[in-house]
Amino acid sequence: MKRREFCKGVALVPATGALLSIPRVADAVTPDAATADKAVATGSSQAGKVAGSKTLPGYAENFLTSDMDGLGPDGKPTGIKATFTGASKANTKAEQAMKHKMKLTKEEQAILDGKEGEEKAKLMKILVQFGNTFGAEKLVDLGGAPHSNMFIGAPYMASMIRMLDECAKAGLKSYAPYTVNPRPYDVYKVQNNAKDMEMIYEGYSSQWDLDYVHARLGAPDLNYRTCACYLEEVGNAPEPGTYVAWAESSAVNYGNSALGIRTNRNGAGMDLLQAMLGKAPQFGLMTDEGRKANWLIEVKTSKEPDWGVIGTAIGRKCVEDIPYITGLEKYFEGGKVTADNLHLLKAMGSATASSGAVGLYHVEGVTPDAREKGRDLLVEDYQTYVIDDKEQAQIISTFENLWPDKDADPTAAFIGCPHNSYHEVIKWGKLVTEALDKAGKEDAAIPVYLFTPNLVRDRAIEEHGELISRMKRAGMHATNMCGVSYAGMKGFSERVRGVTNSAKTRNYSTLRYFPDEILVKIIVTGKIPRGA
Amino acid sequence: MAKKKFKGRPVLSGKLEGKALVSKQPFNLTGSYLKNMFAGETEAAPCTDNTNKDLHEKDLKGAIICTPQTVGSTMGAGTVMMCSELGVQPQAWLFSSHIDSISAGGLIMDDVWNGKRVVTIDLLGDEFLEAVKTGDPIAIHEDGTVEVG
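Because the structure is predicted, anything quoted here is derived from the model rather than measured. (Residues numbered from 1 in each chain as written. Chains lettered and ligands numbered in written order. Predicted model: local features only at pLDDT ≥ 70, side-chain atom pairs only at ≥ 80, totals over all residues.)

Attention now moves to the overall build of chain A. Secondary structure assignment for chain A yields 20 helices and 13 strands. Every one of the 532 residues in chain A was classed for burial, and the buried ones make up 55%. Once local pairs closer than 6 in sequence are excluded, the contacts in chain A between residues at least 24 apart make up 83%. (Helix = DSSP H or I, 4+ residues; strand = E, 2+ residues; numbered from the N terminus. Buried ≥ 20, exposed ≤ 12 C-beta atoms within 10 Å, placed from the backbone. Contact = placed C-beta atoms within 7 Å.)

Scanning chain B from N- to C-terminus turns up five helices and 10 strands. Scaling as 2.2 N^0.38, a compact globule of 149 residues should have a C-alpha radius of gyration of about 15 Å, and chain B matches this with 14 Å. Seen through its C-alpha atoms, chain B measures out along the principal axes to roughly 40 × 35 × 25 Å. Residue burial in chain B is summarised as follows: out of 149 residues, 71% are buried. Partitioning the contacts of chain B with sequence separation of at least 6, the portion at a separation of at least 24 is 78%. (Rg over C-alpha atoms; globule rule 2.2 N^0.38 Å.)

Residue and element names in this part refer to chain A. Strand 5 (residues 293-299) sits mainly inside the fold: five of its seven residues count as buried. Pairing analysis gives four bridges linking strand 5 to strand 6 (residues 323-326), with the strands arranged parallel. Looking at strand 6, one finds that Trp-295 is bridged to Pro-323. Read from strand 5 through helix 10 (residues 307-318) to strand 6, the crossover connection turns out right-handed. (Pairing = 2+ DSSP bridges. Right-handed = clockwise from strand over helix to strand, strands pointing away.)

Right, let's talk about the packing of helix 3 (residues 76-86) of chain B against helix 4 (residues 101-114) of chain B for a bit. Residue and element names in this part refer to chain B. Two elements in contact, helix 3 and helix 4, have axes separated by 7 Å at closest approach and are oriented at 40 degrees. When the interaxial angle is binned, helix 3 and helix 4 end up oblique. In the crossing of helix 3 with helix 4, the sense of the turn from one axis to the other is right-handed. In contact with Gly-76, Ala-77, Thr-79, Val-80, Met-81 and Ser-84 of helix 3, helix 4 contributes Ile-102, Ser-103, Gly-105, Gly-106, Leu-107, Met-109, Asp-110 and Asn-114. The class makeup of the residues in the contact of helix 3 with helix 4 is six nonpolar, seven polar and one charged. (Axes fitted to C-alpha atoms, helices over the stretch in contact; angles between N-to-C directions. Parallel < 35°, antiparallel > 145°, perpendicular 65-115°, else oblique. Left-handed = near helix turned anticlockwise from the far one by under 90°. Nonpolar A, V, L, I, M, F, W, Y, C, P; charged D, E, K, R; others polar.)

A few words now on unusual backbone geometry. Note that the residue after Cys-417 of chain A, namely Pro-418 of chain A, is joined by a cis bond; omega there is 0 degrees. Tracing the backbone through its elements, the reader meets Pro-418 of chain A in the loop between strand 9 (412-415) and helix 14 (422-439). Positive phi outside glycine occurs at Glu-57 of chain B, with the angle close to 70 degrees. Tracing the chain through its elements places Glu-57 of chain B in the loop between helix 2 (34-39) and strand 5 (64-67).

We now examine the sheet that holds strand 8 (residues 119-122) of chain B. Residue and element names in this part refer to chain B. Read from one edge to the other, the open sheet built from eight strands follows the order 1-10-9-3-5-7-8-2, with strand pairing classed as mixed. Across the chains shown, the open sheet's two edge strands, defined by having one partner strand only, are strand 1 (4-7) and strand 2 (9-12). Put simply, the sheet's adjacent strands are angled 30 degrees from each other on average, direction ignored. Of the pairings in the sheet, the one linking strand 5 to strand 7 (residues 92-95) comprises four bridges and is parallel in character.

With that settled, consider helix 9 (residues 270-277) of chain A. All names here are of chain A. Here helix 9 lies mainly inside the structure; eight of its eight residues are buried. By the burial criterion, the buried members of helix 9 are Met-270, Asp-271, Leu-272, Leu-273, Gln-274, Ala-275, Met-276 and Leu-277. Of the residues trailing helix 9, Gly-278 is marked for its positive phi of about 70 degrees.

All names here are of chain A. Spatial strand order, 11-10-9-12-13: five strands in an open sheet with parallel pairing. Looking at which strands have only one partner, the edges of the open sheet turn out to be strand 11 (476-479) and strand 13 (512-513). Bridging between strand 10 (residues 448-451) and strand 11 involves four bridges; their strand directions are parallel. Residue pairing for strand 11: Val-448 is matched across the bridge by Met-476.

Quick look at the pairing of strand 6 of chain A now. With two bridges joining them, strand 6 of chain A and strand 7 (residues 362-363) of chain A adopt parallel strand pairing. Its bridge partner lying in strand 7 of chain A, Tyr-324 of chain A is registered against His-362 of chain A.

All names here are of chain A. Domain parsing of chain A yields domain 1 (100-286), domain 2 (290-397) and domain 3 (412-525). Centre-to-centre, using C-alpha coordinates, domain 1 lies 29 Å away from domain 3. Every contact between the two is made by 21 residues of domain 1 and, on the other side, 20 residues of domain 3. When grouped by side-chain class, the residues that make up the side of domain 1 that touches domain 3 number 11 nonpolar, four polar and six charged. (Domains from an automatic or database assignment.)

Quick look at the environment of Pro-418 of chain A now. Its 33 C-beta neighbours within 10 Å are what place Pro-418 of chain A among the buried residues. Spatially, the C-alpha atom of Pro-418 of chain A lies 24 Å from that of Gly-327 of chain A, the residues being 91 residues apart in sequence.

This part takes up the confidence of the model for chain B. In the predicted model, chain B carries a mean pLDDT of 93, and the fraction of residues at 70 or more is 100%. Among the scores for the predicted complex, ipTM is 0.96 and pTM is 0.89. (pLDDT = per-residue confidence, 0-100.)

Residues and elements named next belong to chain A. Where helix 8 (residues 249-259) contacts helix 11 (residues 342-355), the two axes come as close as 9 Å, and the packing angle between them is 125 degrees. As summarised for this structure, helix 8 and helix 11 are arranged oblique, according to the angle between their axes. Judged by the twist between their axes, the crossing of helix 8 over helix 11 is right-handed. Facing Ser-249, Ser-250, Asn-253, Tyr-254, Ser-257 and Ala-258 of helix 8, the residues of helix 11 in contact are Leu-342, Leu-345, Lys-346, Gly-349, Ser-350, Thr-352, Ala-353 and Ser-354. Classifying every residue of the contact of helix 8 with helix 11 by side-chain character gives five nonpolar, eight polar and one charged.

So, on to the nonpolar core. Counting residues in hydrophobic clusters, the biggest one holds 193 residues, and the most contacted among them are Ala-413, Ala-444 and Ile-523 of chain A together with Leu-94 of chain B. Residues within four places of Ile-523 of chain A in sequence aside, it is in contact with Ala-413, Val-432, Ala-444, Ala-445, Ile-446 and Val-448 of chain A. (Core = buried A, V, L, I, M, F, W, Y, C linked by C-beta atoms within 7 Å.)

With that out of the way, let us pick up the confidence of the model for chain A. Per-residue confidence for chain A gives a mean pLDDT of 87, with 86% of residues at or over 70. Here residues 1-47 of chain A is modelled with pLDDT under 50, and outside its nearest four sequence neighbours on either side it reaches 147 contacts, counting other chains as well.

A few words now on the environment of Pro-155 of chain A. You can see Pro-155 of chain A is positioned in the loop between strand 2 (147-148) and helix 5 (158-169). Along the chain, Pro-155 of chain A and Glu-202 of chain A lie 47 residues apart, while their C-alpha atoms are 9.4 Å from each other.

Residue and element names in this part refer to chain A. With respect to the element layout, Ile-446 can be found in the loop between helix 14 and strand 10. The class for Ile-446 is buried, based on 22 C-beta atoms found within 10 Å. Between the C-alpha atom of Ile-446 and that of Lys-504, which follows or precedes it by 58 residues, the distance is 21 Å. In contact with Ile-446, other than residues within four places in its own chain, are Pro-410, Thr-411, Ala-412, Ala-413, Ile-523 and Gly-526.

Okay, here's the thing in structure tokens:
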């Protein structure tokens, strides 16, 4: 079976799972699940095959593939293993690991003992067990603000949403107002048709519950929803060295690398538990040792690299190890990451995090850790990987055309995964409208979805009203939803032949990847250029 | 067959006996429980991962699953918790490698918050997975020792 036959993705699996016209899982729940005490094996026949009494909806059959599913392009297991925290534990031995116990302060021990209530005691117990499991030395106090990836209000997340609701009812709250990933749908501008809306309201039936939880735990209004919380209009960009507990692979990757903050790659739920205690177990990417690079990546392309492609190459090579990347400093004037160039790192980093599980990279002369410590960040026995023109072309050659009708024309363009910055919105507005003017056209040949936070959209309207008006007339739609989630909708690939400049979106969906200059031509003509 | 002993780390300790269900490749957490997650199946947990030749269509409910680790969606912790709520969770996870953060988060949250424990042992080593076969008798001890045979 081919990988990514229909879709694959860390975000995509839950997203698609939410969009099902099925009886609610909650309706079928049997509350008395077995506990460990009851869990004595029956020796029942497990070797035989079973079907169960219910039928898996046909559209869900292809949803099993996901990011880091352990399979190669040929569908065979790769043998690659990872902790997905961004910290390899490949050489850990049981005898050594089981002795490990974190040291707690008196205050932390008091919380664990229940002095501040039953709920906080449970949260502390979870954090301590989780920290011990991954070799944390202690808990550290969090600063800045959290970022949560709990954005899918699907019925199968009900148990976790209920846990968070119980925390909110107990009066617990994040230590600081926090940002949240974008909602998985937009019924105003994207899925504004009867069929999609029906699926959304059935599939995301727990969305209200989830949003209500976020409102009580400390998330601001939905204008702040974005995966790119670090954009200046949103403002969640803690100072270098700040300990935070972020979730969302691209945000963690950008934050650790470009901002120099310290967070592990948290899974859904763990981010908010840590936010409610204001503490996180310190291990992996939160330590000096855990931020050292195992790979020296030498970018030696003859011209500016395709950032998404080199990110894909790095992710595939490093999996969850940390790369130290050279050859990119010249693309950042004065070695500075600014509002006008951060999208380069955003594109590369999110590709490393989706084609692998990279939670931190260093760019020589550019990112904070690299500017401070240089090549001292490399471990002694590091490996080297060179990305030149040939290697970049080889990576592009692995990007399959996954459209069911491979030779048909595209039907929509998806730009902004992770969410577009202000610079990108304006850049794309000018690129497309100027190309249309040159071609003597008023409208883009296909709709263009620009994924961006509302706060960025509003700034663009205020500062470039005429351009935004022209973009709207041309068929360019700004939306604050998650684009990858849209690509995971039931029947998406049958209805939409999408094109994108996001290597992350390509990695998780059937969308085809093209560099910016080709994408502009496609948007203007509605055709894939020959040989592209 | 002669008993073989393997020493692992009890992430969530427990004592139980049963029979092994082995996946040589990493276990796709959400991808294996599609029928439970999406169709609300509660009588069984037929493995829906058709790339997993070892487990496809076999019943995961109440099993002692032996595998290198779990992989897949970062929302997998939600799958772990929902499996317990549906009553289709395995009896035990036996990982040859270090546990990953997806299953660790879900299993620990479910154990502490909901009082629903699935015995979990990791770091059993590659030799464990080389030795154990589906259907082999398994005995798990509180200290993380696993006996096969």
